Amino acid sequence: MDNSLPPADELVLVDRELAQLDARRSQLLARRAWLIRVLHAPVASAAPPPRPPVADSTPRSAQNVLLTLGGTLLTIAAIAFTLVSWGSMGIGGRAAVLSAVTAAALVAPVALLRRSLVSTAEAVAALGMVLMVLDAYALHRVALPDTDGLGYAAVAAAVLAAAWTAYGSALSRLRLPLPVAAAAGQLPLPLGVLAAGGGPTAFAWAALLTAAADGAVVLWARSAPVRITAVTGAVALGGWALLTGGLLSFTSPWDGAPLLLAGAAVTLYVAWRGPALAVAASAVAGLAAVTAVGGLLRAAVPADWAVPGYVLCGLATASVWWLRAATAGTTSASAPVPETGARPDGSTADLAGARLPAGVRLGLACAGAATAALGVVWALPPVAAGLLGPLARTTEVWSGEHAEHALASYPGTAVLVLAVAAAVLAALPRLWARCGALALVWAFLTALPVSLGLPFAATLSLQLLTSAAALWIAVRPGPATRGLRTSAAPGERSGAPATESGPGAPTPPVTAPSGPPAAGSSAPPAAGPGAPWPGWAAVRPRTQAPVIAPGTALGWSAYAGGLASAVSAVALALDVRVATFLALGVVLALCSAVAVLGVDARRVVSACAAVLTATGLVFAVAAAGGFEDHWTALALLLVPAATAALGARAPRPVALAIEITGGTVGLLALGIAASRPAFLALALALGGVIAAATAVRPERRRFAAWTAAALFLSATWVRLAVWGVATPEAYTLPVTVPALVVGFLRRRRDPEASSWTAYGPGLAATLLPSLFAAWTDPEWVRPLVLGVAALVVTLLGARFRLQALLVLGGTVLALDGLHELAPYVVQAVGALPRWLPPALAGLLLLAVGATYEQRLRDARRLRDRVARMR
């Protein structure tokens, strides 16, 4: 480029070349877009076929509505004829009319089905079945009026059910007769029992037998409506029978147990033969069996052992889960298994284990586990009493009196239930079971003093040992994780060795696919409509839930129990002075050990707990020594001093936590010392010393330094208030001088810093309170000194071009001068004639108006000069 050109010509040349570059860039971008379209042409998506217009109703639906309305009207007419017009005809006419109409209604569907009029046949068949019910009613009214109504209804229901079953089987294309027959089959046995005067037990047996028949229909029927009807009836009647058996197991166990066991057998058979209902049905069977056997045990043992008996029955039922499932070659729950117990792979197994489906095992295990869980819930009140009882104090602290255990009359077998449940869970090689076992062992140890009524010393010792053991497991959870079975990753065989991974692991060879990807593979999907280019599709990465390490889960479970036991032990130890010091010392040692040896957040929580325990120990020492409140506050300052010293060596998260906790204790100490201002000033000064010592550390310098300054200043103010000093400058000058020094040092390091930031707070801290005091001070010393100080500040601001000094000093000087001159101005104005002030005001306005533009320029010039100052 020729630099000898004039600037105007050179600018034109530069603009021309930039325009050419922009045009060339646009051409290249257009060419690039065309190349991308050619190389990656999108797959043309087939246009969706046009949808036919949606009609308001199809011909078949309209036909069904018409047939339903017609059948309903005919049914209403038949009922009206039977009930109203029956008495106007003779016996022959009655029989002839009903027989003819019923026969015609039942025979007509045969001809209609031959003409493929299925819907019409359904409507006529429904009318015929209603007429059969009316025939039965008419027969009872005319021929058998003295027959018992319930008995006749039972027989009629059985006959109608059989007739409709035969009718529906003969005309298999009709969908209505068989479900109606199944519904009618629910009535004969229950109505027959009621007709015979049977009680609730007999009615329950009748309902159970009917439910068993429904179960057979569910297993062997092919029609979905029939199976749905049978399932509904089986659930209703079988549920009633089982509920009756459950109630009888509490009032008359030997009457309820056979009923429950029979219901369990029927339900278990349905679960065995029906894989779709295996889990739910076997769970109901398991609950029924547990209730039956548990009821018999409850009648044979003392009342305190009733719940343990149910728990043992539940655990026995849950143990079915460990029986072997069906063999790998079995395709259904009902597939035959060789009597020898041989498996398809040639291995042998016990016959019961080989034939037991997985769904049945799961349902029985769930039923047993639910029973055991209810037993554990029943055993929890002593745990709550042992843990929370010491917190609800009914005696004075250090009185030597001990409150009685709450729930002392609760059955002592509760701890046995907890122990058995813990042993069972400990035997399971699963993480959730091991965590549950750990929690139940802790609950057992917590409830043991309540259930056994242990004395104070034994209870306290047991709680401290429980806390120590739990915190030890929280720090070293290795022994508790032994024998755990690790779950395999998705897509891997359970128990298969883990594949090698890491930087040094061998890289598997990459081979080209030789065929379509298998189902479930992670190969990229083929291109489809809307894909940018063939073979491309967005593949979202599979997200896997984070897996909790066994040590972490067990550690936190034990840690929570250990802390809870420690708090309860300290609350219990408040009954006796020596026990209080012993408990606080042990808890302090335990928390300190976990803070040193623990990991993750447990270290932080333990460190904070140790600080709080040390605070409690200081309170205990002060109470034992008979210290007054202000001396106790000074003693509490030892805690933040110790945390500041430990924070210098502790890791960063732990250091921050204990320093915050120590600061909170320091605030508590200041609150206690507030009743004695002299000691409050001393406590503030000591707190400032601690903060100043902490400010030596680089990472705490800023915050600790400001905290120390605030504490020292507060101590000074409190001391001045104690001495009765009322001069505001005595309170403000200790703030102004350090603030001005800090501002000077900052301006020296950063000349561009604003004067408002550097000097504004310090000057305002003294000038403004002194100005308010000068306006109310009748003496002349303070206004004079304030005016001189404001004049010096204003001159320094004008000399060094500092805006804050100029504005603050000038404002204070003007207001101070106004305050001093105001009395003389008022006196002078009062001596002048009354017309003179308006005249002077008018002359002033005329002068300002005549030189308005000049004064406006002067004001703007002054504003600009002040704005250019720092």
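The structure presented is a predicted model; accordingly, all values stated were derived computationally and were not measured. (Residues numbered from 1 in each chain as written. Predicted model: local features only at pLDDT ≥ 70, side-chain atom pairs only at ≥ 80, totals over all residues. Heavy atoms only, no water.)

(A) Highlighting the overall build of the chain. Looking only at helices and strands, the chain has 33 helices and 0 strands in total. Of all 870 residues assigned to the chain, the portion counted as buried reaches 33%. Pairs at least 24 apart in sequence give 68% of the contacts found in the chain among residues at least 6 apart. Taken as a whole, the chain presents about 51000 Å² of accessible surface, with 70% of it coming from carbon and sulfur. (Helix = DSSP H or I, 4+ residues; strand = E, 2+ residues; numbered from the N terminus. Buried < 20%, exposed > 50% of the residue type's maximum accessible area, 1.4 Å probe, protein only. Contact = heavy atoms within 4.5 Å. Areas by Shrake-Rupley, 256 points an atom, 1.4 Å probe, with all protein chains shown as cover.)

(B) Representation of the environment of V793 in the model. Relative to the elements of secondary structure, V793 occurs in helix 30 (residues 781-799). Separated by 13 residues in the primary sequence, V793 and L806 have C-alpha atoms spaced 6.8 Å apart. Look past the residues within four positions of V793 in its chain and what remains in contact with it is L763, L805 and G809.

(C) Fine view of the packing of helix 12 (residues 306-318) against helix 16 (residues 414-426). Contact geometry for helix 12 and helix 16: axes closest at 10 Å, N-to-C directions at 15°. As judged from the angle between their axes, helix 12 and helix 16 are roughly parallel. The element helix 12 and its partner helix 16 pack so that their crossing is right-handed. On helix 16, the residues that touch P308, V311, L312 and L315 of helix 12 are V417, V420 and V424. When the residues that make up the contact of helix 12 with helix 16 are grouped by side-chain class, the tally is 7 nonpolar, no polar and no charged. (Axes fitted to C-alpha atoms, helices over the stretch in contact; angles between N-to-C directions. Parallel < 35°, antiparallel > 145°, perpendicular 65-115°, else oblique. Left-handed = near helix turned anticlockwise from the far one by under 90°. Nonpolar A, V, L, I, M, F, W, Y, C, P; charged D, E, K, R; others polar.)

(D) Up close: the pattern of salt bridges. Throughout the structure, instances matching the rule amount to 3 salt bridges. The shortest N-O distance in the salt bridge between E729 and R782 comes to 3.4 Å. Of this pair, E729 sits in helix 27 (residues 728-749) while R782 sits in helix 30, and the two are 53 residues apart along the sequence. (Salt bridge = Lys/Arg side-chain N within 4 Å of Asp/Glu carboxyl O.)

(E) Fine view of the packing of aromatic side chains. Counted by the stated rule, this structure contains 5 aromatic pairs. For the ring pair F203 and W240, a centre distance of 6.4 Å and an interplane angle of 90° mean the geometry is edge-to-face. With a gap of 37 residues between them, F203 in helix 8 (residues 200-220) and W240 in helix 9 (residues 224-251) connect regions that are remote in the sequence. W240 sits in the partly exposed class, given a relative accessible area of 48%. Consider the rings of W556 and Y559, whose centres lie 5.7 Å apart with planes at 90°: the pair is edge-to-face. (Phe/Tyr/Trp six-rings, centres within 6.5 Å; stacked < 30°, edge-to-face > 60°.)

(F) Spatial organisation of helix 20 (residues 577-597). In this model, helix 20 (21 residues) spans 30 Å end to end at C-alpha, consistent with the 30 Å of a helix rising 1.5 Å per residue. Among the residues making up helix 20, those that are buried are A579, T580, A583, L584, V587, L590, C591, V594 and A595. Mapping the buried residues of helix 20 onto a view down its axis gives an arc of 135°, with all of them on the same face. More than 90 degrees from the buried face of helix 20, the exposed residues found are V578 and V596. (Expected span 1.5 Å × (residues − 1). Arc of directions from axis to C-beta.)

(G) Examining a nonpolar patch on the surface more closely. A cluster of nonpolar side chains, namely W780, V781, L784, V785, V788, V792, L796 and F800, defines an oily patch on the protein surface of about 770 Å² accessible area. Assignment of secondary structure puts V788 in helix 30. (Patch = residues over 30% accessible without salt bridge, like charges linked within 9 Å, V, L, I, M, F, W, Y side chains within 5 Å.)

(H) Local environment of unusual backbone geometry. In the Ramachandran plot, L407 falls in the positive-phi region, its phi being about 60° despite a non-glycine side chain. For L407, the position within the fold is in the loop between helix 15 (380-388) and helix 16. Of note in this structure, R801 is not a glycine but carries a positive phi near 55°. By the element assignment, R801 lies in the loop between helix 30 and helix 31 (803-831).

(I) Fine view of the side chain of Q186. Relative to the assigned elements, Q186 resides in the loop between helix 6 (177-184) and helix 7 (188-195). The class of Q186 is buried, set by a relative accessible area of 12%. Every residue in contact with Q186, bar those within four places of it in the chain, is listed here: T210, D214, G233 and L237.

(J) Quick look at the nonpolar core. Within the largest apolar cluster, 26 residues are counted, with the highest numbers of intra-cluster contacts made by L680, A683 and L684. Going through the elements one at a time, helix 21 (600-625), helix 22 (629-636), helix 24 (652-673), helix 25 (677-694) and helix 26 (701-722) are the ones with two or more residues in this core. Excluding its chain neighbours within four sequence positions, the residues that come into contact with A683 are L634, L637, L670 and A673. Judged by nonpolar contacts, the second largest core, of 21 residues, contains V311, V383, A422 and A447. (Core = buried A, V, L, I, M, F, W, Y, C linked by side-chain atoms within 4.5 Å.)

(K) Fine view of the side chain of T371. Looking at the element boundaries, T371 is found in helix 14 (residues 358-378). Of the polar contacts made by the side chain of T371, one reaches the backbone oxygen of A367; its length is 3.0 Å. Residues within four places of T371 in sequence aside, it is in contact with L287, V290, Y310 and G314. (Polar contact = N/O pair within 3.5 Å; in protein donor to acceptor, adjacent residues only side chain to side chain.)

(L) Here's a closer look at the packing of helix 12 against helix 14. Two elements in contact, helix 12 and helix 14, have axes whose closest approach is 7 Å; the angle formed by their N-to-C orientations is 155°. Our classification of the angle between helix 12 and helix 14 gives roughly antiparallel. In the crossing of helix 12 with helix 14, the sense of the turn from one axis to the other is left-handed. Taking contact as the criterion, the partners of V307, Y310, V311, G314, L315, T317 and A318 in helix 12 are, on helix 14, L364, A365, G368, A369, T371, A372, G375 and W378. In terms of residue class, the contact of helix 12 with helix 14 is built from 10 nonpolar, 5 polar and no charged.

(M) Geometry of helix 10 (residues 253-273). Its 21 residues place the ends of helix 10 30 Å apart at the C-alpha level, agreeing with the 30 Å of an ideal helix rising 1.5 Å per residue. Among all positions in helix 10, only P253, G256, A257, L259, L260, G263, A264, T267, V270 and A271 are buried. The secondary structure elements touched by the buried residues of helix 10 are helix 8, helix 9, helix 11 (278-300) and helix 14.

(N) Structural detail: the confidence of the model for the chain. Looking at the chain as a whole, the pLDDT averages 80, with 79% of positions reaching at least 70. When the criterion is pLDDT under 50, residues 52-60 qualifies, and its contacts beyond four places in sequence or with other chains add up to 1 contact. Here residues 488-541 scores under 50 on pLDDT; set against residues more than four positions off or in separate chains, the count is 27 contacts. (pLDDT = per-residue confidence, 0-100.)

(O) Focus on the environment of A573. As for its position among the elements, A573 is in helix 19 (residues 550-573). A residue is classified by how much of its surface remains accessible, and A573, at 1% relative accessible area, is buried. Sequence spacing of A573 and V397 is 176 residues, and the spatial spacing of their C-alpha atoms is 9.1 Å. When near neighbours in sequence (up to four residues on either side) are disregarded, A573 contacts F456, L460, A579, T580 and A583.

(P) Structural context of the environment of G185. You can see G185 is positioned in the loop between helix 6 and helix 7. Relative accessible area serves as the criterion here: at 32%, G185 is assigned to the partly exposed category. Each C-alpha atom, one on G185 and one on D214, is 8.8 Å from the other, the two residues being 29 residues apart in sequence.

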